[in-house]
Amino acid sequence: MCGIVGYIGFRSAADVIVEGLQKLEYRGYDSFGVATSNPHLAVYKCEGKISEKFEKARELHGSIGVGHTRWATHGVPSDRNAHPHLDCTGRIAVVHNGIIENYSALTRELKERGHTFLSETDTEVVAHLIEEAYDGDLRAAVAQAITHLKGSYALLVTAEGHEEIVAARDSSPLVLGIGDQELFAASDVTPLIGYTERVVYLDDGDLATLDREGWHVYHHGTPVKRAIEHVDWDVETVRKGGFPHYMLKEIFEQPKVFYDTFHGITPESLPERYRRPSEITVVACGSSYHAGLVFKYLCESTCRIPVRAELGSEFKYFTPPLKGIVMVITQSGETADTLAALKKAKAYNCPTLAITNVLGSTVTRIADHTLYMRAGPEISVAATKSFVAQLAVLMQLVNLMSPKSGLSGSLERANSAIDEVLLQDIGRAVEICRPAEHLFYVGRGLFYPIALEGALKMKEISYIHAEGYAAGELKHGPFALLSEETPVVALCSPGDTYSIMLSNIKEMKARKAPIIGIGARGDRELIDIVDVFLPIPESHELVQLIATSVLLQQLAYQTAVALGRDVDQPRNLAKSVTVE
Ligand code: G6P
């Protein structure tokens, strides 16, 4: 949560930072702020989205600065609580992503020593701690200040009359961009795209200085060398490219994303020790958890290996007995609960495997082995192409674990199936969902996690209350809620569960619920009993699963647009949840 950007170079720092923060808005968007030093410190910060209110921030002069876009944790979204936060003298500016857990005690002590606080945030203590330690050496002052902090932080600090930015990281992501006569620091690489392809990923415990002469990294006080890595994300990948929303653009990228990711995982990608584990524990959050559930169904039935899927937020506190390997799935590679689970698995000495989209992300540094999705940057808060890319990795993984399954060949048609559903007119289904206050999504077997994911997509961007259920479970309670005002989206693909799904749909129909049925093109039996039929191509069950996922993304997207919602940045959410 929260995005930070720092710049020192020859351009207007405010321009670079404002542009960079807009690319990081997916991390939080309730308020923002920028500080530049020219050589006096100038600050602009306010409640609201930077993409809507950036004009004044761009008026700040100077070629050194730091900025922040916020997802509130301590203190409501407001001008006062927006970052940067300053010390009592107004000469030191701090932006922070993470949580300072011992801030209450620190605030009390600092107040006793005479400091005045202007915000309710946990971050402000950092500015005052630096103030106490500062005697003209900013690096030393930041190094001293962070010894008092407990919790997580990615910090950028600049001081008046000081041509330097000091960056520090512990348990929150931070990357440096190395340009020609200019240096950047940011929460991830997206603000750097278009300026430089040379990046340095900082480790926990690193402190870096960026000045006119260059950059240096210290690890717990000792100078260290950090490798420059190359990022080849194209500038077009972080633009909307003619689409009204990032989400729609990302939905339309899925045929290529599936193909690239599926073919990007080869036999060489998976070391022997991960091929026949006695058991697999999958840990993830949000959409990534739903992808993990698909894997459970698929791997257990195909490879006959027991798989347990756990939520990251639960795993840390209620760790089951662990055998075999632990696999974490995370688009961003930064989700705090998933990382905590991974650390726990390592403490149990389990071999760990990560699936992520982001090169150099924290998860890749902790896990024993990483498999990469090839989705490119996903900007919209709602996961779409990253979910499909996760499915591609997981299906390929099952294929590698059980080469005789023939999965690889069956999935060759997946991209054309996605193409096919992308062009479908779903207007009548949108008309049913749009006025609804409650929706149910039901499926069985492999399609149960897809029902969960479809409902999640709908609720997060349209704000309609949507619940995903295993179709057989509806009778155990939710049936009490069914009426002509409670539409049900039923996922009914051919396979072992087809006939029982048809019976379930008839039972729901008998309670007057309008049914949007998704099934194979030309399925007369289904067409005859549902109110609206959305066809998916007749194909292998897994191809249908992918096509259904894409169709449900479209249903959520078009319903949210029809309701006038902020599709890319839904209220109260953030894409990268870096706090527990
Ligand atoms: C947030 C995002 C979701 C995502 C989840 C897990 O809640 O809004 O789209 O599925 O985090 O994120 P991860 O990066 O770990 O996959």
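Definitions and limits used
Residues numbered from 1 in each chain as written. Predicted model: local features only at pLDDT ≥ 70, side-chain atom pairs only at ≥ 80, totals over all residues. Heavy atoms only, no water. Pairing = 2+ DSSP bridges. Helix = DSSP H or I, 4+ residues; strand = E, 2+ residues; numbered from the N terminus. Axes fitted to C-alpha atoms, helices over the stretch in contact; angles between N-to-C directions. Contact = heavy atoms within 4.5 Å. Parallel < 35°, antiparallel > 145°, perpendicular 65-115°, else oblique. Left-handed = near helix turned anticlockwise from the far one by under 90°. Buried < 20%, exposed > 50% of the residue type's maximum accessible area, 1.4 Å probe, protein only. Disulfide = S-S within 2.5 Å. Domains from an automatic or database assignment. Buried area = accessible area lost by both parts, 1.4 Å probe. Salt bridge = Lys/Arg side-chain N within 4 Å of Asp/Glu carboxyl O. Polar contact = N/O pair within 3.5 Å; in protein donor to acceptor, adjacent residues only side chain to side chain. Nonpolar A, V, L, I, M, F, W, Y, C, P; charged D, E, K, R; others polar. Near = heavy atom within 4 Å. Phe/Tyr/Trp six-rings, centres within 6.5 Å; stacked < 30°, edge-to-face > 60°. Lys NZ or Arg CZ within 6 Å of the ring centre and 35° of its normal. Core = buried A, V, L, I, M, F, W, Y, C linked by side-chain atoms within 4.5 Å.

**Some points on the sheet that holds strand β18 (residues 325-330)**
As summarised here, the arrangement of the 5 strands in space is β17-β16-β18-β19-β20, forming an open sheet in which the pairing is parallel. The sheet is open, and its two borders are formed by β17 (307-311) and β20 (369-372), each paired with just one other strand. In this sheet, neighbouring strand axes are inclined to one another by 20° on average, regardless of whether the strands run parallel or antiparallel. Helix-sheet contacts for helix α9 (residues 286-303) involve β16 (280-284), β17 and β18, and the interaxial angle to β17 is about 170°.

**What about the packing of α9 against helix α17 (residues 447-462)?**
At their nearest, the axes of α9 and α17 sit 8 Å apart, and the two run at 170° to each other. Taken together, the axes of α9 and α17 are roughly antiparallel relative to one another. Relative to α17, α9 is oriented so that their crossing is left-handed. In contact with G286, S287, H290, L293, V294 and Y297 of α9, α17 contributes Y448, P449, I450, L452, E453, L456 and K457.

**Focus on the pairing of strand β7 (residues 151-159)**
With 8 of 9 residues buried, β7 is to be regarded as a mostly interior element. Both strand β6 (residues 92-100) and β7 contribute to a ladder of 9 bridges, which runs antiparallel. The residue of β7 that forms the bridge with G98 is Y153. Taken together, the 5 bridges between β7 and strand β8 (residues 164-170) define a ladder with antiparallel strand orientation. Directly across from T158, in β8, lies its bridge partner I165.

**Quick word on the state of the cysteines**
With the rule as written, the count across this model stands at 0 disulfides. There is no disulfide at C433, and the cysteine sulfur nearest it, in C492, is 17 Å away. For C433, a relative accessible area of 0% gives the class buried.

**So, the domain arrangement of the chain**
Here the chain is partitioned into domain 1 (3-236), domain 2 (241-412) and domain 3 (421-580). At the interface, 40 residues of domain 2 touch 35 residues of domain 3. Roughly 3200 Å² of surface becomes buried between domain 2 and domain 3 when both sides are summed, with 69% attributable to carbon and sulfur atoms. Contact with domain 3 buries surface across domain 2, with H290, Y297 and V381 losing the most and accounting together for 19% of the total. Linking K575 and E378 is a salt bridge whose minimum nitrogen-to-oxygen distance equals 2.8 Å. Between domain 2 and domain 3 we count 15 residue pairs in polar contact (both at pLDDT 80 or more) in total. With 7 residues, the top contributor of residues to the side of domain 2 that touches domain 3 is α9. Classifying every residue of the side of domain 2 that touches domain 3 by side-chain character gives 25 nonpolar, 11 polar and 4 charged.

**As for the site of the ligand**
Taken together, 13 residues surround the ligand, and among them S288, T330, Q331, S332 and T335 come closest. Between the ligand and the protein, one listed contact pairs an oxygen atom with a side-chain N or O atom of T335 at 2.5 Å. Separating an oxygen atom of the ligand from a backbone N or O atom of V381 is a distance of 3.5 Å. Counting residues per element, the shell around the ligand draws most heavily on α9, at 3 residues. Residue classes in the shell around the ligand are distributed as 5 nonpolar, 7 polar and 1 charged. Two domains each donate at least three residues to the shell around the ligand, and these are domain 2 (241-412) and domain 3 (421-580).

**Observations concerning the packing of aromatic side chains**
Aromatic rings in a pair are described by how distant their centres are and how their planes are angled relative to each other. Taken as a whole, this structure holds 6 aromatic pairs when the rule is applied. Look at F258 and F262: their rings are 5.6 Å apart centre to centre, the planes differ by 10°, and that puts the pair in the stacked class. Remark: F262 and F258 occur in helix α8 (residues 254-264); sequence separation between them is 4 residues, near one turn of the helix. Residue F258 is classed as buried on the basis of its relative accessible area of 0%. For F262, a relative accessible area of 2% translates into the label buried. Among the aromatic side chains, those forming a connected cluster through ring pairs are Y7, F184 and Y195. The ring of Y218 carries R139 above its face, with NZ or CZ at 3.9 Å from the centroid.

**Thoughts on the environment of G376**
Mapping G376 onto the fold places it in the loop between β20 and α13 (385-401). When the C-alpha positions of G376 and W233 are compared, they lie 6.9 Å apart, and in sequence the two are 143 residues distant. Ignoring any residue separated from it by four or fewer positions in sequence, one finds G376 in contact with W233, N357 and K385.

**Considering the nonpolar core**
Residues I280, F295, M327, L397, Y441, I546 and L555 are the most contacted members of the largest nonpolar core, which totals 88 residues. Mapping this core onto the domain boundaries places at least three of its residues in each of domain 2 (241-412) and domain 3 (421-580). Every residue in contact with Y441, bar those within four places of it in the chain, is listed here: A451, G454, A455, M458, A466, E467, G468, Y469, V489, L552 and L555. One finds Y26, A186, Y201 and V381 within the second-largest nonpolar core, a separate group that totals 27 residues.

**What about the packing of α17 against helix α20 (residues 541-562)?**
In contact at an axis separation of 8 Å, α17 and α20 are set at 15° when each is read in the N-to-C sense. In terms of orientation, α17 lies roughly parallel with respect to α20. Seen along the crossing, α17 lies across α20 with a hand that is right-handed. Residues F447, I450, G454, K457, M458, I461 and S462 of α17 lie in contact with α20, whose contacting residues are E541, Q544, L545, T548, S549, L552, Q553, L555, A556, Y557, T559 and A560.

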